[in-house]
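In case you want the letters, here they are:
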Amino acid sequence: MRVLFIGGTGNISSACVEEALAQGYDVAVLNRGTHRPSFSGPVQSVACDYNDRAGLAEVARTGRYDVVADFVGMRPAQVSAAIEAFAGQTSQYLYISSASAYQKPPAHYLITENTPLDNPYWEYSRHKIACEEVLRAAGQARRFPYTIVRPSYTFGPTWIPAGVGGHGYTIVGRMRRGAPIISHGDGTSLWVVTYHTDFAVGFVGLFGQTTALGEAYHITTDEVLTWDRIYRIIAEEAGCTADLVHIPSETIAALQPDWGPGLFGDKMHSVVFDNQKIKRAVPHFAARVSFREGIRRSLAWHDADPSRQRIDPSTNARMDALIAAFRALESRAWA
């Protein structure tokens, strides 16, 4: 079976490429050709700009891929172009959406694939919802063979998850030198953080499944942690302690507005996912890598090369400013 990954070099997609190779698929990766990663097996490199409609159509026409996995499409126009290119040229088009598309705030603590898609807070999520709508319309009008997959927060060795400030080394650097870390709200909202190789098993397991056509699946771990526990596990594995400063999400959004959408539209809410649908479709899927083990691997990757231990100066300064402003507000409130 020939598989084309649109993307294939990112945090999630690279693990999916490796899983596809391990399962014996004939794999090609489409990107602009400026980045040539190494994989454990033979991977055909297809140089094409995803936004080049004519080029993408030519790739579809000449490649004849059984499965197309799109990790790049972010806007409805992009997905529409991919549909035009691959209609009649593939048996399955898997689109990576986002679990952040689910209703916010959630009406029920347990999220299933039937949970409404509605996120008024985060433009990224609204674009993903719109892309899904384009796919469903194409499926109904043209029998386009799509499958939608919704990851939640998924990480690999090059990422260190955080609720505030991004997924780089900055929070570990702060922890290791004794600087405080921001934990949004009171730190007790529930969250799931999935390791990318676990996600890949579920994702690649959907390849070629006719029963998956026209369906949507989320793929996440079943391990549920509070954000405070996430930070404390990171600190324990980093050999230090976490000095947590709890700041309301509303305050974070007021003082650092561009951090607001990711909180209000995603991370400030408790999310627990029912994974029964993907487990029925892919019986061998299971989230086997605990968060602690995943973080251990991430820290090992960062610690293996000092150049990877990059503390983002802007993020670092913004955290310091936010903590100082919040503590000043607290002092005035108690004065």
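Everything below is about the structure shown above.
Note that the structure is predicted; figures quoted are calculated from it, not measured.

*Asks:* Where do I start with the packing of aromatic side chains in this structure?
*Replies:* Geometry of an aromatic ring pair is reported as the spacing of the ring centres plus the angle between the planes. Applying the stated rule across the entire model yields 15 aromatic pairs. Counting every residue linked through ring pairs, the aromatic cluster contains Phe5, Tyr25, Phe71, Phe199, Phe203 and Phe207. Sitting over the ring of Tyr217, Lys277 keeps its end group 4.9 Å from the ring centre. Seen from the ring of Trp301, Arg308 lies directly overhead, with NZ or CZ sitting 4.2 Å from the centre.

*Asks:* I tried to follow the sheet that holds strand S12 (residues 216-219) on my own but got confused; where do I start?
*Replies:* Strand pairing within a sheet occurs via backbone hydrogen bonds; the two strands may be parallel or antiparallel. What the seven strands build is an open sheet, ordered S3-S2-S1-S4-S5-S7-S12; its pairing is parallel. Both outer strands of the open sheet, strand S3 (43-47) and S12, are each paired with one neighbouring strand and no more. The sheet shows a mean angle of 20° between the axes of neighbouring strands, taken without regard to direction. Of the strand pairs in this sheet, strand S5 (residues 92-96) and strand S7 (residues 146-151) are connected by four bridges, and their pairing is parallel. When the sheet's bridge partners are listed, Tyr95 is paired in S7 with Ile148. Contacts from helix H1 (residues 13-22) reach strand S1 (2-6), strand S2 (26-31) and S3, with the element oriented near 160° to S2.

*Asks:* Would you mind showing me how to read the nonpolar core here?
*Replies:* Nonpolar side chains tend toward joint burial in soluble globular proteins. Counting 44 residues, the largest nonpolar core has Ile171, Tyr231, Ile234 and Phe291 as its most contacted members. Mapped by element, the contributors of at least two residues to this core are helix H5 (170-176), strand S9 (181-184), helix H7 (227-238), strand S14 (244-247), helix H11 (291-303) and helix H12 (313-334). Broken down by element, the residue count for this core peaks at seven residues, all from H7. Ignoring sequence-local partners within four residues, the contact set of Tyr231 consists of Ala162, Gly163, Val164, Ile171, Met175, Ile181, Ile182, Ser183, Ala242 and Leu244. In this structure, Val3, Phe207, Ala281 and Phe285 belong to the second largest nonpolar core, which totals 32 residues.

*Asks:* Hey, could you run me through the packing of helix H2 (residues 53-63) against helix H3 (residues 76-86) in this one?
*Replies:* Any two packed helices are characterised by the angle at which their axes cross and by the distance between the axes. Running from N to C, H2 and H3 cross one another at 35°; their axes reach a closest spacing of 8 Å. Considering how the two elements wind past one another, H2 and H3 form a crossing that is right-handed. The residues of H3 that touch H2, namely those facing Arg53, Leu56, Ala57 and Ala60, are Ala77, Ala81, Ala82, Ala85 and Phe86. Looking at side-chain class alone, the contact of H2 with H3 contains eight nonpolar, no polar and one charged residues.

Reading the values: rules and limits
Residues numbered from 1 in each chain as written. Predicted model: local features only at pLDDT ≥ 70, side-chain atom pairs only at ≥ 80, totals over all residues. Heavy atoms only, no water. Phe/Tyr/Trp six-rings, centres within 6.5 Å; stacked < 30°, edge-to-face > 60°. Lys NZ or Arg CZ within 6 Å of the ring centre and 35° of its normal. Pairing = 2+ DSSP bridges. Helix = DSSP H or I, 4+ residues; strand = E, 2+ residues; numbered from the N terminus. Axes fitted to C-alpha atoms, helices over the stretch in contact; angles between N-to-C directions. Contact = heavy atoms within 4.5 Å. Core = buried A, V, L, I, M, F, W, Y, C linked by side-chain atoms within 4.5 Å. Buried < 20%, exposed > 50% of the residue type's maximum accessible area, 1.4 Å probe, protein only. Left-handed = near helix turned anticlockwise from the far one by under 90°. Nonpolar A, V, L, I, M, F, W, Y, C, P; charged D, E, K, R; others polar.

Purely geometric stuff here, so don't read any function into it on its own.
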